[in-house]
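# Residue-level structural notes
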Amino acid sequence: MSPQCSSEDHVQWGQSMLARAVAIAAIAMFAGSCVRNPSLLRGAASMVAPARAGVFVTPADFDVNQLASAIDCETETTPIARDAFRRGLVVEIPGMGQSPPARYSKTDVFGFRACDGSDVRFVEGESYRLERAAPLYLYERQRRFRLGNRGSRFVYDHFFSTAARDSLRPLTLLALKEAYFTNHRFHDLLDLAFRSNDELMRYDDLHHEYRVAWLLRETLPSPLRCDPRELDTPLP
């Protein structure tokens with residue numbers, strides 16, 4: 001014999017369904033922006049081009065905006081470009097004034113900031129563009145995909161890390177849930193906001209933020225929400 005539901009049970013069920021509908025509606029409010037071509041997302045999360053560029057020797061340097069061999073992008077005749085390290089494993093950073101150029105290897109530094117405002121992280125000699133930082137570090141890697149006799153085209157792979165010092169993981173719903181295993185509210189919001197991994201790099205024009213990062217920020221205490229590139233403290 002099936003159990004009988006009381007009127008109170010019906011009220012609780014109705015309230016839970018209403019709460020879920022409200023949550024879905026809230027997500028839908030900023031779900032209207034289309035899924036852009038990844039190539040169009042490049043620079044969407046970058047800060048305004050900085051006055052200075054240079055090298056981040058360690059992850060800790062990146063988190064506090066500490067640049068080594070910093071140059072003035074407005075006056076330097078050979079500014080640091082986004083592809084500076086693509087020309088080899090070692091790059092020379094122009095010296096300020098009379099100081100000699102500094103030489104850095106991809107394998108010895110965390111990454112660098114170019115004069116267009118983009119940040120790049122190195123992992124095992126490969127370059128990963130940092131689309132945004134704390135609390136969710138999002139990365140994009142460009143690679144050439146061969147189309148047989150039809151030539152090739154560039155494709156973009158996306159990754160994330162929970163801290164600058166942490167390893168990169170593929171940007172998937174499962175990997176996000178595993179990385180934030182105890183954040184059940186974040187799990188629920190992911191399920192409501194995204195239907196597949198392909199949607200995880202959607203950019204929310206209303207909040208000027210990647211949607212997945214915005215959702216995570218809403219589940220964290222305020223002190224943990226800040227992207228170090230959003231700090232008002234000037235670069236050293």
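Structure: above.
Here's what I pulled together on the structure shown here.

What counts and how
Position numbers for residues count from 1 along each chain, tracking the sequence in the order it is written. It should be noted that, the model being predicted, local features are given only for residues of pLDDT at least 70 and side-chain atom pairs only at 80 or more, the latter also being counted only at that level, while totals for whole chains, interfaces and linings use all residues. For side-chain calculations, the full set of non-hydrogen atoms in the structure is used, while hydrogens and water are omitted. Here a strand pair is declared whenever DSSP counts at least two bridges between the two strands. Secondary structure elements follow DSSP: runs of H or I of four or more residues count as helices, runs of E of two or more count as strands, with numbering from the N terminus. For this document, the term salt bridge refers to a Lys or Arg side-chain nitrogen within 4 Å of an Asp or Glu carboxyl oxygen. Any residue under 20% of the maximum accessible area for its type is buried, any over 50% is exposed, and the rest in between are partly exposed; the area is computed with a 1.4 Å probe on protein chains only. By nonpolar core we mean a set of buried residues, namely Ala, Val, Leu, Ile, Met, Phe, Trp, Tyr and Cys, connected to one another through side-chain atoms within 4.5 Å. An axis is simply a line fitted to the C-alpha atoms; with a helix, the fit covers only the stretch in contact. Between two such axes, the angle follows the N-to-C directions and lies from 0 to 180 degrees. Any angle between 65 and 115 degrees counts as roughly perpendicular, while under 35 counts as roughly parallel, over 145 as roughly antiparallel, and the rest as oblique. What makes a crossing left-handed is the near helix being turned counterclockwise from the far one by less than a right angle; a clockwise turn instead makes it right-handed. When checking whether two residues touch, look at their non-hydrogen atoms; a contact exists if any pair is within 4.5 Å. For this scheme, ten residues count as nonpolar: Ala, Val, Leu, Ile, Met, Phe, Trp, Tyr, Cys and Pro. Four count as charged, namely Asp, Glu, Lys and Arg, and the remainder, Gly too, count as polar. Within 6.5 Å between ring centres, the rings of Phe, Tyr and Trp (the latter by its six-membered ring) count as paired, and their orientation is classed by plane angle as stacked under 30 degrees, edge-to-face over 60, tilted in between. Here, the term disulfide refers to a pair of cysteine sulfur atoms separated by no more than 2.5 Å.

Attention shifts here to the sheet that holds strand β7 (residues 126-132). Across the sheet, eight strands lie side by side as β2-β1-β5-β6-β7-β8-β9-β10; this open sheet has antiparallel pairing. Each edge of the open sheet carries a strand with a single partner, namely β2 (68-72) and β10 (169-170). Sheet topology places strand β8 (residues 137-146) next to strand β9 (residues 152-161); 10 bridges connect them, and they run antiparallel. In the strand pairing of β9, Arg 144 is matched with Phe 154.

If you walk through the whole model with that rule in mind, you get nine salt bridges. With its nearest N and O atoms 3.3 Å apart, the salt bridge here joins Arg 141 to Asp 157. Linking Arg 141 in strand β8 with Asp 157 in strand β9, this pair joins segments that are 16 residues apart in sequence. When its relative accessible area of 17% is taken as the criterion, Asp 157 is described as buried.

On to the nonpolar core, then. Of all hydrophobic cores here, the largest spans 23 residues; its most connected members are Leu 136, Leu 138, Leu 176, Phe 186, Phe 194 and Val 212. Sort the elements by how many residues they give to this core and helix α6 (residues 211-218) lands first, with five residues.

Remark: helix α5 (residues 184-193) packs on α6, axes separated minimally by 9 Å, with the N-to-C direction vectors making an angle of 150°. Relative to α6, the element α5 lies roughly antiparallel. Between α5 and α6 the crossing geometry is right-handed. Residues Arg 185, Phe 186, Leu 189, Leu 190 and Ala 193 of α5 touch α6, and the partners they reach there are Arg 211, Val 212, Leu 215, Leu 216 and Glu 218. When the residues that make up the contact of α5 with α6 are grouped by side-chain class, the tally is seven nonpolar, no polar and three charged.

Next up on the list: the packing of aromatic side chains. The geometry of an aromatic ring pair is captured by two quantities: the separation of the ring centres and the angle between the planes. If you walk through the whole model with that rule in mind, you get seven aromatic pairs. Between Tyr 128 and Phe 159, the ring centres sit 5.4 Å apart and the planes meet at 85°, which makes this aromatic pair edge-to-face. Taken together, the residues span a long stretch of sequence, with Tyr 128 in strand β7 and Phe 159 in strand β9 at a distance of 31 residues. Following the ring pairs from residue to residue traces out a cluster consisting of Phe 56, Phe 62, Phe 110 and Tyr 137.

A few words now on unusual backbone geometry. Omega for the bond connecting Ala 134 with Pro 135 falls within 30 degrees of zero, at 5°, which places this linkage in the cis form. Structurally, the position occupied by Pro 135 is in the loop between β7 and β8. A positive phi angle is found at Glu 124, which is not glycine, with a value near 50°. Tracing the chain through its elements places Glu 124 in the loop between β6 (119-123) and β7. Residue Glu 124 is classed as exposed on the basis of its relative accessible area, which comes to 79%. Despite not being glycine, His 208 has its phi angle at roughly 55°, a positive value. Along the chain, the position of His 208 falls in the loop between β11 (203-204) and β12 (209-210).

Going through the model one piece at a time under the given rule, you end up with one disulfide. Across a sulfur-sulfur distance of 2.1 Å, Cys 73 and Cys 115 are joined as a disulfide pair. Between Cys 73 and Cys 115 the sulfur-sulfur dihedral comes to about -80°; the bridge is accordingly left-handed. Residue Cys 73 is located in the loop between β2 and β3 (90-93), and its partner Cys 115 is located in the loop between β5 (111-113) and β6; the two are separated by 42 residues in the primary sequence. On the basis of relative accessibility, which here comes to 15%, the residue Cys 73 falls in the buried class. Overall, Cys 115 belongs to the buried group, its relative accessible area being 15%.

By themselves, these observations are geometric and do not establish any function.
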